[in-house]
Amino acid sequence: GLPDLIRFASLTGARRGECLKVSVRDIDLDNNLIYIGGRPEFNTKTGDWRTVPIHDSLLPMLQSRCDGVPKDVAIFGDQWQSGASVIWFFKKAVRDAGLEPHMVFHCLRHSFATWAIEDGVPVRVLMDLMGHRKIETTLRYAKVTDNARKEAISSITI
């Protein structure tokens, strides 16, 4: 359901549409990779597919969703009538949780970038993980948090 989709998006940086298109064949459990937007043997028109390593906390959910399921079945897409239904249920979850009403599903992608930068992921690596062509795009996603400011100042030695 929605919690799995939210966790997947926030730990891969995938866009909503990309999440819904990921099929069982795009989950490579042997190599611990998720193929987003295509695969080596199946190239998209633009040829801009990418791989994202599977985060440890996603592994059990992905194993369960892939086990005994035909390769062409979408791991999330068959649960949603459309991307619009994801938006509707996400907004409802945001309201029910009492979060800021401006929170949208795409915020998960921004969170992914911010967490990665805070954890020391080099910007070029983050750019690749997010599928950006320009580093400026990646930099717009990675926000500076109060905690990051505090850590930066405390790390200064004189």
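See the structure shown above.
K.L.:
Kindly report on the overall build of the protein chain, identifying the contributing residues and their values.
P.N.:
Looking only at helices and strands, the protein chain features eight helices and three strands. In the protein chain, the order of α-helices and β-strands from amino to carboxyl end is α-α-β-β-β-α-α-α-α-α-α. The C-alpha radius of gyration of the protein chain comes to 17 Å, within 12% of the 15 Å expected for a compact globule of 158 residues. Considered along the principal axes of its C-alpha atoms, the protein chain spans approximately 60 × 40 × 30 Å. Within the structure as shown, the protein chain displays about 9700 Å² of accessible surface, and the carbon and sulfur contribution to it stands at 56%.

K.L.:
Got a sec to walk through the packing of helix H1 (residues 2-12) against helix H4 (residues 83-97)? Specific residues and values, please.
P.N.:
Helix-helix packing: each pair is described by the crossing angle between the helix axes and the interaxial distance. One way to put it is that H1 packs onto H4 with a least axis distance of 11 Å and a crossing angle of 95°. As far as their axial angle goes, H4 and H1 are roughly perpendicular. Contact with H1, carried on its side by Leu-2, Leu-5 and Ile-6, involves Val-86, Phe-89, Phe-90 and Ala-93 of H4 and no other residues of that element. For the contact of H1 with H4, the residue count by class is seven nonpolar, no polar and no charged.

K.L.:
Give me the lowdown on unusual backbone geometry, citing residues and values where you can.
P.N.:
Unlike most non-glycine residues, Asn-32 shows phi in positive territory, near 60°. Of note, Asn-32 is situated in the loop between strand S1 (27-28) and strand S2 (33-36).

K.L.:
For the sheet that holds S2, give the residues involved together with the corresponding values.
P.N.:
Taken together, three strands build an open sheet; the order of strands is S1-S2-S3 and the sheet is antiparallel. Looking along the sheet, the strands with just one partner apiece sit at the ends: S1 and strand S3 (50-53). As defined by bridge partners, S1 adjoins S2 across two bridges and the pair is classed as antiparallel. Of the residues in S2, the one forming a bridge with Asp-28 is Leu-33.

K.L.:
An account of the packing of aromatic side chains is needed here, citing residue identities and associated values.
P.N.:
Aromatic ring pairs are defined here through the distance separating the ring centres and the angle between the ring planes. Overall, the coordinates contain four aromatic pairs when judged by the stated rule. Summarising the aromatic geometry, the rings of Phe-90 and Phe-105 are spaced 5.5 Å apart at their centres and angled 80° between planes, so their arrangement reads as edge-to-face. Placement of the pair is Phe-90 in helix H4 and Phe-105 in the loop between H4 and helix H5 (107-118), with a sequence separation of 15 residues. As far as the burial class goes, Phe-90 and Phe-105 line up, both buried. The ring of Tyr-141 is capped by Arg-109, whose NZ or CZ atom sits 5.2 Å from the centre of that ring.

K.L.:
Residue-level account of the packing of H1 against helix H3 (residues 59-66), with values.
P.N.:
Two elements in contact, H1 and H3, have axes whose closest approach is 11 Å; the angle formed by their N-to-C orientations is 120°. In terms of axis orientation, H1 runs oblique to H3. Every pair of crossing elements has a handedness; the one defined by H1 and H3 is left-handed. When H1 is examined against H3, the residues Asp-4, Arg-7 and Phe-8 are found in contact with a partner set consisting of Met-61, Leu-62 and Arg-65. Tallied by class, the residues present in the contact of H1 with H3 amount to three nonpolar, no polar and three charged.

K.L.:
Outline H3, listing residues and values.
P.N.:
What H3 keeps buried is the set Met-61, Leu-62, Arg-65 and Cys-66. Angularly, the buried residues of H3 cover 120° about the axis, an arc narrow enough to put them on a single face. Across from the buried face of H3, at angles greater than 90 degrees, the exposed residues are Pro-60 and Ser-64. Residues of H3 that are buried sit in contact with H1, S1 and S2.

Cut-off values and rules
- Residues numbered from 1 in each chain as written.
- Predicted model: local features only at pLDDT ≥ 70, side-chain atom pairs only at ≥ 80, totals over all residues.
- Heavy atoms only, no water.
- Helix = DSSP H or I, 4+ residues; strand = E, 2+ residues; numbered from the N terminus.
- Rg over C-alpha atoms; globule rule 2.2 N^0.38 Å.
- Areas by Shrake-Rupley, 256 points an atom, 1.4 Å probe, with all protein chains shown as cover.
- Axes fitted to C-alpha atoms, helices over the stretch in contact; angles between N-to-C directions.
- Parallel < 35°, antiparallel > 145°, perpendicular 65-115°, else oblique.
- Contact = heavy atoms within 4.5 Å.
- Nonpolar A, V, L, I, M, F, W, Y, C, P; charged D, E, K, R; others polar.
- Pairing = 2+ DSSP bridges.
- Phe/Tyr/Trp six-rings, centres within 6.5 Å; stacked < 30°, edge-to-face > 60°.
- Buried < 20%, exposed > 50% of the residue type's maximum accessible area, 1.4 Å probe, protein only.
- Lys NZ or Arg CZ within 6 Å of the ring centre and 35° of its normal.
- Left-handed = near helix turned anticlockwise from the far one by under 90°.
- Arc of directions from axis to C-beta.

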